[in-house]
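# Coordinate analysis (summary)
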Number of protein chains: 2
Amino acid sequence: MGERHEHAGWARHARGVADSVGRRSGGARTAIVDELAALGCCASPQELHDRLRAEGRSVGIASVYRVLDELSGLGLVQRVDLGDGVARFEPIELTGEHHHHLVCVGCGAIEPFDDPELERAIDRAAGRTAFAVDGHDVVLRGHCSDCAA
Amino acid sequence: MGERHEHAGWARHARGVADSVGRRSGGARTAIVDELAALGCCASPQELHDRLRAEGRSVGIASVYRVLDELSGLGLVQRVDLGDGVARFEPIELTGEHHHHLVCVGCGAIEPFDDPELERAIDRAAGRTAFAVDGHDVVLRGHCSDCAA
DNA sequence: ATACGTGCAAAGTATTTGCAAACGG
DNA sequence: CCGTTTGCAAATACTTTGCACGTAT
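This report concerns the structure included in the present document. (Residues numbered from 1 in each chain as written. Chains lettered and ligands numbered in written order. Predicted model: local features only at pLDDT ≥ 70, side-chain atom pairs only at ≥ 80, totals over all residues. Heavy atoms only, no water.)

This next bit is on the protein's contact with DNA strand D. Lining the immediate environment of DNA strand D, one finds 18 residues, of which Arg24, Arg29, Ser63 and Arg66 of chain A together with Tyr65 of chain B sit closest. Here the atoms of DNA strand D within 4 Å of the protein split so that 60% fall in sugar or phosphate, with bases taking the remainder. Within the side chain of Arg24 of chain A, an N or O atom sits 2.8 Å from a base nitrogen of DNA strand D. Within the contact set of DNA strand D, a phosphate oxygen lies 2.7 Å away from a side-chain nitrogen or oxygen of Ser63 of chain A. Those elements that place two or more of their residues in the surface near DNA strand D are α2 (27-37) and α4 (61-73) of chain A together with α4 (61-73) of chain B. For the surface near DNA strand D, the residue count by class is 6 nonpolar, 6 polar and 6 charged. (Near = heavy atom within 4 Å. Polar contact = N/O pair within 3.5 Å; in protein donor to acceptor, adjacent residues only side chain to side chain. Helix = DSSP H or I, 4+ residues; strand = E, 2+ residues; numbered from the N terminus. Nonpolar A, V, L, I, M, F, W, Y, C, P; charged D, E, K, R; others polar.)

In structure tokens form, the structure reads like this:
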């Protein structure tokens, strides 16, 4: 498939997990999993729907929401909130590695970044709380190099 | 720890800033600023509206949204997204100190925490990106002590 | 007096749900 | 065949906007 299978492994994994919990594989979920796998970063349900439509793999918007919710429940995708009231989703890597997001307050650009030292600091901070923390999100806001000018 | 005047200073400051940019002081904004100041942590527009109503200081829900948007634009309140699709807001301290949030995936409890070491790590991480970062949000998810049992 | 603030209701979005038809096993 | 998945449309939830009226300055 043209999509450079950046996350082909993830797509296979996702299908495997869905199968293993007895989910049948219909066209909508197949298409959505492919689309998510081809994603560079997070996308909103509407964006996914538009992309699918553009590829001729039309899927009802309701199915996009349903499948995302389902994948989310299976721990296969993660919801990302960037502060603009639109929910976005992205695959959770099998390897456990994950990134966070930079948001440009000027142009709205979204860029992923990862930083091992930050991850360690978060783990340490989590250990100091009274919660049994098992997940986290970080959003950094500012101006991208273009908008800073 | 009732509502005392935990953030009485903030309320005064907020009014001062609003005045200084030529905003007239009507009943809605006064009530909303007081309510925000009495808040332990963040609250959604609907929660603020309900609390105000419970206190007999009824305010239209539209005014709640409008005032929050205005205060947000003045840098007096901050929007917080906890991942459940509901926007929440809280005062920004004059001192610049700020906290982040712990969310219990079991019962939905929200608890603030702050961690200076984490702040420093975030600043360092921000410096390694290509953005001119000037703000950030962190959400830690897990189980609170009650739900962990 | 006059311009700004507010409440109400209507209009917009974003997301969820009910249901009949299509489909996979 | 039979139960799951899907698409459509209606329903809901959340937020914004239009407008007439009240109110601070």
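With that out of the way, let us pick up the relation of the copies chain A and chain B. Expressed as a screw transformation, the operator carrying chain A onto chain B has a rotation angle of 179 degrees and an axial translation of 0.0 Å, and the superposed copies differ by an RMSD of 0.1 Å. Look at the turn and shift together and you get a two-fold axis relating the two. Relative to the rotation axis, the C-alpha of Val138 of chain A is the closest in chain A, positioned 2.3 Å from it. Both copies present the same face, since 100% of the interface residues in chain A are matched by interface residues at the equivalent positions in chain B. (Least-squares fit on C-alpha atoms with pLDDT ≥ 70 in both. Contact = heavy atoms within 4.5 Å.)

As a further point, take the protein's contact with DNA strand C. Near DNA strand C, the surroundings consist of 18 residues, among which Arg24 and Tyr65 of chain A together with Arg24, Ser63 and Arg66 of chain B are the closest. Each atom of DNA strand C within 4 Å of the protein was classed as base or backbone; sugar and phosphate made up 60%. One nitrogen or oxygen atom from the side chain of Arg24 of chain B is found 2.8 Å from a base nitrogen belonging to DNA strand C. In this structure, a phosphate oxygen belonging to DNA strand C sits 2.9 Å away from a main-chain N or O atom of Ala28 of chain B. Sorting the residues of the surface near DNA strand C by element identifies α4 of chain A together with α2 (27-37) and α4 of chain B as the ones contributing at least two each. Here the residues of the surface near DNA strand C are counted per class, giving 6 nonpolar, 6 polar and 6 charged.

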